[in-house]
Amino acid sequence: MKKIHLIAAARPNFMKIAPLYHALNDAAWCHPVLIHTGQHYDANMSAAFFADLKLPQPDYHLEVGSGSHAEQTAGVMVAYEKIALADQPDWIVVVGDVNSTVACAMVGAKCWIPVAHLEAGLRSGDRRMPEEINRILTDSIADLLWTPSMDGNQHLLREGVEAEKIDLVGNIMIDSLLMRSAEIEADTTAQQLAVADSEYAVVTLHRPSNVDQHAVLANICEQLIEVSKQCQIVFPVHPRTRKKLHEFELMARLSATDRIQCVQPLGYIQFMNLVTQAQLIITDSGGIQEETTYLGIACLTLRDNTERPITITQGTNQLIRADQLYQRVTDVLSAPAKASSVPELWDGKTAMRVLASLHQRCFP
Ligand code: UD1
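What counts, and where the lines are drawn
Residues numbered from 1 in each chain as written. Predicted model: local features only at pLDDT ≥ 70, side-chain atom pairs only at ≥ 80, totals over all residues. Heavy atoms only, no water. Phe/Tyr/Trp six-rings, centres within 6.5 Å; stacked < 30°, edge-to-face > 60°. Helix = DSSP H or I, 4+ residues; strand = E, 2+ residues; numbered from the N terminus. Buried < 20%, exposed > 50% of the residue type's maximum accessible area, 1.4 Å probe, protein only. Lys NZ or Arg CZ within 6 Å of the ring centre and 35° of its normal. Pairing = 2+ DSSP bridges. Right-handed = clockwise from strand over helix to strand, strands pointing away. Axes fitted to C-alpha atoms, helices over the stretch in contact; angles between N-to-C directions. Contact = heavy atoms within 4.5 Å. 1 Å grid on protein atoms, 1.4 Å probe; cavity = no way out; pocket = protein on both sides within 12 Å on 5 of 7 lines; lining within 4 Å. Points joined across faces, edges and corners; volume = space filled by probe spheres on them. Nonpolar A, V, L, I, M, F, W, Y, C, P; charged D, E, K, R; others polar. Near = heavy atom within 4 Å. Polar contact = N/O pair within 3.5 Å; in protein donor to acceptor, adjacent residues only side chain to side chain. Areas by Shrake-Rupley, 256 points an atom, 1.4 Å probe, with all protein chains shown as cover.

Take the packing of aromatic side chains next. Here the distance between the centres and the angle between the planes together describe a pair of aromatic rings. The final tally for this structure, using the stated rule, is three aromatic pairs. Taken together, a centroid distance of 6.3 Å and an interplanar angle of 45° make the contact between Phe-14 and Phe-49 tilted. Placement of the pair is Phe-14 in helix α1 (residues 11-26) and Phe-49 in helix α2 (residues 47-52), with a sequence separation of 35 residues. Judged by relative accessible area, which is 3%, Phe-49 ranks as buried. Here Phe-14 and Phe-50 contribute two aromatic rings whose centre-to-centre distance is 5.2 Å and whose plane-to-plane angle is 70°, an arrangement assigned as edge-to-face. Here Phe-50 lies in helix α2 and Phe-14 lies in helix α1, a separation of 36 residues in the sequence. Phe-50 shares its class with Phe-14; the two are buried. Following the ring pairs from residue to residue traces out a cluster consisting of Phe-14, Phe-49 and Phe-50. When the ring centre of Phe-363 is taken as reference, the NZ or CZ atom of Lys-2 above it lies at 5.4 Å.

Quick look at the pairing of strand β2 (residues 30-36) now. Along any regular strand the residues' side chains alternate between the sheet's two faces. With six of seven residues buried, β2 is to be regarded as a mostly interior element. Bridge count for strand β1 (residues 2-8) against β2 is seven bridges, and the pairing is parallel. Within the sheet, the bridge partner assigned to Leu-6 lies in β2 and is Leu-34. As for the winding sense of the linkage, the β-α-β connection from β1 through α1 to β2 is right-handed. Note that β2 and strand β3 (residues 60-61) share two bridges and pair parallel.

On the basis of which strands lie adjacent, the open sheet formed by six strands has the order β10-β9-β8-β11-β12-β13 and parallel pairing. Only two strands of the sheet have a single neighbouring strand rather than two, namely β10 (260-263) and β13 (317-319). Between one strand and the next, the sheet's axes are offset by a mean angle of 20°, whatever the strand orientation. Inspection of the sheet shows strand β11 (residues 280-283) paired to strand β12 (residues 298-301) by four bridges, in the parallel sense. Note that in β12 the partner of Thr-283 across the bridge is Thr-301. Where helix α11 (residues 214-227) meets the sheet, it contacts β8 (200-204), β9 (232-236), β10 and β11, and its direction lies at approximately 140° from that of β9.

What follows covers the layout of surface pockets. Its boundaries defined by the atoms lining it, the second largest pocket holds a volume of some 440 Å³. For the second largest pocket, the lining is made up of 19 residues, of which Ser-209, Asn-210, Leu-302, Arg-303 and Asp-304 are closest to its centre. Of all the elements in the fold, those that place two or more residues in the lining of the second largest pocket are α5 (130-141), α10 (208-211) and α11. In terms of residue class, the lining of the second largest pocket is made up of eight nonpolar, four polar and seven charged.

Before going further, it helps to spend a moment on the site of the ligand. Close to the ligand lie 19 residues, the nearest being Gln-39, His-40, Glu-131, His-206 and Lys-243. For the ligand, an oxygen atom lies 2.8 Å from a polar atom in the side chain of His-206. One of the side-chain nitrogen or oxygen atoms of Lys-243 is found 2.8 Å away from an oxygen atom of the ligand. When the free accessible area of the ligand is taken as 740 Å², the share hidden by the protein chains comes to 88%. Where the shell around the ligand is concerned, the elements lending two or more residues are α3 (69-87) and α12 (239-247). A total of three residues in the shell around the ligand trace back to one element, the largest contributor, which is α12. Partitioning the shell around the ligand into residue classes produces five nonpolar, eight polar and six charged.

Structure below.
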């Protein structure tokens, strides 16, 4: 029986881990061990997702919490090394691009435990993004690289990764979306927020480049206030962003705007219920660019670049600057939706392809 460590750390990891956990748990030849590093720890950033995605309590909780990049990355390494050495997994699976991803990949590489990276090969080309550093480092030491789309394979090959290590498996987040689609549809979050029958936009923001500087965040808030004249806005506010909105005294201004609702971060089912009925999404998230492409909902991404260009070339996503927001929202609300299609292998069967790939490596 092969023992597989699955590393879950932060909100965007949980919907990637869940389908894989369920697939490994159902397979007779392996046994998943769930490790939560504790990078995200608030109930609505973590426990709510475990419940919504039907994940059990983690087998190990490292309780690393917040800190600078060095503190968080090193904290995860110190805590996880002890568990990896004591528990001796056959494989370590890391997902996405958060600090815990690279930390656990480094532990595996140095303890000679094979590491697989799910969502490998994505590149924004922007090394000022901490996630880009995490992606490059993780991919350079992983033993098995599972990519969501062909551009991932191309980046890895260009960086010198051997072709035998790369498996194109598709987008695992779509597995979660399809597994939970009935609950998402039955949920009443959009109704409870009284937006279900109107035109509304969902906003999420948390990137340091958008929220950490006063002038930048103030400008985005002013633009959102303008946009709220065109459609209602529901803004589930990430803890990092909430802290900054208070610090810069912008929260009161947003909350005083009639057609903007600032709410706590939502669980997976609640959030997707809100997204599936929205006219558009304004975000700086990575995963939401993909979910909206799958759902065919317009996505305006407040970033200079994206590591997920297929959501632009094939999907509903566009990159914008804050000062373009009002005009782009007008365009989305007045014009027919941009023609889009679902990328290949974003079909809800990625976990099964990952399982097959891992089985092949475990029993060559
Ligand atoms: C992290 C990831 C980012 C991902 C995002 C999703 C890195 C480098 N960044 O960014 O890629 O898109 O998660 O949310 O790994 N906080 C809480 N409660 C929590 C978690 C965080 O209050 O449960 C607050 C803390 O003040 C913390 C701050 O949010 O300092 C930032 O959290 P952190 O995990 O460092 O980064 P994120 O911005 O969440």
